[in-house]
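Fold and contact review
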Amino acid sequence: MHISSAKAEIERLAAGGTGIELIMGGAQPYGWVRSIAAPVPPWVRAAYDILIPIPLAYDLGTGLDGFYIALPYSFNGGEHNRVNGQTLALAGRQWRLVSWHYPDGKQFRPGIDTIESHIFHCRGFFLARGAVNARV
């Protein structure tokens, strides 16, 4: 497993006040980010927890992509069309995969992008940012 730089990034973010910790789901590491701000409405709550899957080869240049949202959630009184992936049970909670990816030609850039910049990208989902991934 090559995630020592991810551990260091998460420790630095946590020390700086970001609500984040590294947790394991079997052999799979995740960054558990607490309280991502969301506008009310259309979201029913003002903050949501997310899980960011950390690739086992993160230190070797494998980038981050997507995230899971903690369940339950509500968007415009129902479900968001991008919350459509597999469900995961971890840390005593249920999580659902969100189809929220980087636009073509602007993928995660190892060595330039970080877990912190990926969190910013994930916040865009709640704020309806991004031409490719905007709400439909």
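Before reading further, recall that the structure is shown in the block above.
Described below are features of the structure shown in this document. The shown structure was predicted, so the numbers you read here are calculated from the model rather than taken from an experiment. (Residues numbered from 1 in each chain as written. Predicted model: local features only at pLDDT ≥ 70, side-chain atom pairs only at ≥ 80, totals over all residues. Heavy atoms only, no water.)

What follows is about the environment of Thr 62. Relative to the elements of secondary structure, Thr 62 occurs in the loop between β3 (47–53) and β4 (67–70). Through-space distance from the C-alpha of Thr 62 to that of Phe 108 is 8.8 Å; in sequence the pair is 46 residues apart. Ignoring sequence-local partners within four residues, the contact set of Thr 62 consists of Pro 55 and Ala 57. (Helix = DSSP H or I, 4+ residues; strand = E, 2+ residues; numbered from the N terminus. Contact = heavy atoms within 4.5 Å.)

Turning our eyes to something else, we now look at the pairing of strand β5 (residues 83–90). Relative to strand β6 (residues 93–98), β5 is paired through 5 bridges, and the arrangement is antiparallel. Residue pairing for β6: Thr 87 is matched across the bridge by Arg 96. Hairpin connection from β5 to β6: 2 residues lie between these consecutive antiparallel strands, with Ala 91 at a positive phi of about 55°. (Pairing = 2+ DSSP bridges.)

Here Ala 6 lies in helix α1 (residues 4–15). What Ala 6 contacts, discounting residues up to four positions off in sequence, is Ile 54, Tyr 58, Asp 59 and Ile 115.

Quick look at the sheet that holds β6 now. Spatially, the 6 strands line up as an open sheet ordered β1-β2-β3-β4-β6-β5, and their pairing is antiparallel. Single-partner strands in this sheet number two, and they are β1 (20–25) and β5. Adjacent strand axes in the sheet meet at a mean angle of 35° when their direction is disregarded. Where β4 and β6 come together, 4 bridges link them in antiparallel fashion. Bridging across to β6, Ile 69 finds its partner in Arg 96. (Axes fitted to C-alpha atoms, helices over the stretch in contact; angles between N-to-C directions.)

Relative to the assigned elements, Ser 99 resides in the loop between β6 and α2 (115–127). Among the polar contacts listed, one links the side chain of Ser 99 to the side chain of His 101, at a separation of 3.5 Å. (Polar contact = N/O pair within 3.5 Å; in protein donor to acceptor, adjacent residues only side chain to side chain.)

Right, let's talk about the nonpolar core for a bit. Within the largest apolar cluster, 29 residues are counted, with the highest numbers of intra-cluster contacts made by Trp 43, Phe 67, Ile 115 and Phe 126. The set of elements that each furnish at least two residues to this core consists of α1, β2 (28–37), β3, β4 and α2. If one sorts the elements of this core by residue count, α2 sits on top with 5 residues. Listed in part, the 9 residues of the second largest apolar core include Ile 23, Leu 88, Leu 90 and Trp 95. (Core = buried A, V, L, I, M, F, W, Y, C linked by side-chain atoms within 4.5 Å. Buried < 20%, exposed > 50% of the residue type's maximum accessible area, 1.4 Å probe, protein only.)

Read these as spatial facts, not as claims about activity.
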